[in-house]
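# Inside the fold
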Amino acid sequence: SEAARRLEELKSRLGDLLAVSGINRSSQGDQSVFYMLQGEVAAAGRRYDEAIESFESGARLGARFTEGDMAYAYQRKGDSDRARADVNRALQLGPKSGLAYNALSAYYNMTGEYERALAAAKDSLRMSPGNLYGRKNRAESLDPPCAVGR
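Residues numbered from 1 in each chain as written. Predicted model: local features only at pLDDT ≥ 70, side-chain atom pairs only at ≥ 80, totals over all residues. Heavy atoms only, no water.

## Section: the pattern of salt bridges
Put simply, the rule is: A pair is scored as a salt bridge if a Lys or Arg side-chain nitrogen falls within 4 Å of a carboxyl oxygen belonging to Asp or Glu. Residue burial is assigned from relative accessible area. The probe radius is 1.4 Å, only protein chains are included, and a residue is buried under 20% of its type maximum, exposed over 50%, and partly exposed in between.
Counted by the stated rule, this structure contains six salt bridges. The shortest N-O distance in the salt bridge between R47 and E50 comes to 3.0 Å. Judged by relative accessible area, R47 falls into the partly exposed class, the value being 34%. You can call E50 partly exposed: its relative accessible area is 28%.

Below, the structure is given as structure tokens:
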């Protein structure tokens, strides 16, 4: 029922509150990881504003390469300009980073530029051969109808 669903949602949020209160007493590195994970959970739940806020909190605490995560959330939210700006920033910060090229590949897949997505995915995998997201983006660019969320 609706009441049961809302109760579970409230319990979940209480758990988040307790986790945040504990994380506030931990190291800055632990806090940044917490916010990045929180952002990933929010993005998976399609709560993109919440995801962006968490990624930004993680970045303020020293998390690296948050731009790719933020680009994904902005693109899903419908803000392609901001998504591209974050991808560009990721490439500036890590021009030899597989994560940066993975963000570029994801961006191109979401905008329907599959040949460019494939090239960026290949670059990502060349730099980070074990990157599962790079493999996912390569697969999406090779077979666009299988792409998640389209």
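Read on, since the account is not over.
## A word on helix α3 (residues 48-60)
Here is the rule we go by: Only DSSP runs of H or I covering at least 4 residues are called helices, and only runs of E covering at least 2 are called strands; the numbering of each starts at the N terminus. For a helix, the expected span equals 1.5 Å multiplied by the number of residues minus one.
An ideal rise of 1.5 Å per residue puts 18 Å on 13 residues; α3 measures up with 18 Å between its terminal C-alpha atoms. Of all the residues in α3, the buried ones are Y48, A51, I52, S54, F55, S57 and G58. Phi turns positive one or two residues past the end of α3, at G62, with a value near 110°.

## Observations concerning the side chain of S54
We count it as follows: Working rule for contacts: check all heavy atoms of both residues, and any pair within 4.5 Å makes them a contact.
Inspection of the secondary structure assignment puts S54 in helix α3. In contact with S54, not counting residues within four places along its chain, are Y35, Q38 and G39.

## Focus on the nonpolar core
Nonpolar side chains in soluble globular proteins tend to end up buried together. Definition in use: Among buried residues, those of type Ala, Val, Leu, Ile, Met, Phe, Trp, Tyr and Cys that are joined through side-chain atoms within 4.5 Å constitute a nonpolar core.
Core analysis: the largest hydrophobic core is formed by 24 residues, its most contacted members being A51, V87, L91 and L104. Of all the secondary structure elements, the ones that give two or more residues to this core are α2 (28-44), α3, α4 (66-77), α5 (80-93), α6 (98-110) and α7 (114-127). For this core, the element with the highest residue contribution is α6, accounting for six residues. In contact with A51, other than residues within four places in its own chain, are G39, A42, A43 and A73.

## Brief notes about the confidence of the model for the chain
Definition in use: Confidence scores labelled pLDDT are given residue by residue by the predictor and lie between 0 and 100.
In this model, the chain carries an average pLDDT of 83, and 81% of its residues clear a pLDDT of 70 or more. The spread of mean pLDDT over the elements of the chain runs between helix α1 (residues 2-23), the lowest at 60, and α7, the highest at 95.

## Thoughts on helix α8 (residues 132-142)
As a reminder of what qualifies: It is the directions from the helix axis to the C-beta atoms whose arc is reported. By the criterion applied in these results, polar contacts are pairs of N or O atoms within 3.5 Å in which, for protein atoms, one can donate a hydrogen and the other can accept it, and in which residues neighboring in sequence qualify only through two side-chain atoms.
Buried within α8 are the following residues: G134, N137, E140 and S141. The buried residues of α8 occupy an angular sector of 125° when projected down its axis, which confines them to one face. α8 presents L132 and L142 as exposed residues on the side facing more than 90 degrees away from its buried surface. Measuring from the side-chain oxygen of the N-cap residue of α8 to the backbone nitrogen of Y133 gives 2.8 Å; that N-cap residue is N131.

## Some points on the packing of α4 against α5
Let me state the cut-off plainly: The convention used is that axes are lines fitted to C-alpha atoms, helices contributing only their stretch in contact, and that angles between N-to-C directions extend from 0 to 180 degrees. Any angle that is under 35 degrees is reported as roughly parallel, and any over 145 degrees as roughly antiparallel; angles of 65 to 115 degrees are reported as roughly perpendicular and all others as oblique. Left-handed describes a crossing whose near helix is turned anticlockwise from the far helix by less than a right angle; the clockwise case is right-handed. When residue character is reported, Ala, Val, Leu, Ile, Met, Phe, Trp, Tyr, Cys and Pro are called nonpolar, Asp, Glu, Lys and Arg charged, and the others, Gly included, polar.
Two numbers describe how α4 lies on α5: the axes approach to 8 Å, and their chain directions differ by 165°. Considered as vectors, α4 and α5 are oriented roughly antiparallel to each other. In the crossing of α4 with α5, the sense of the turn from one axis to the other is left-handed. Side by side, α4 and α5 meet where E67, G68, M70, A71, Y74 and Q75 of the first sit next to S80, R82, A83, D86, V87, R89, A90 and L93 of the second. Across the contact of α4 with α5, the residue classes tally to seven nonpolar, three polar and four charged.

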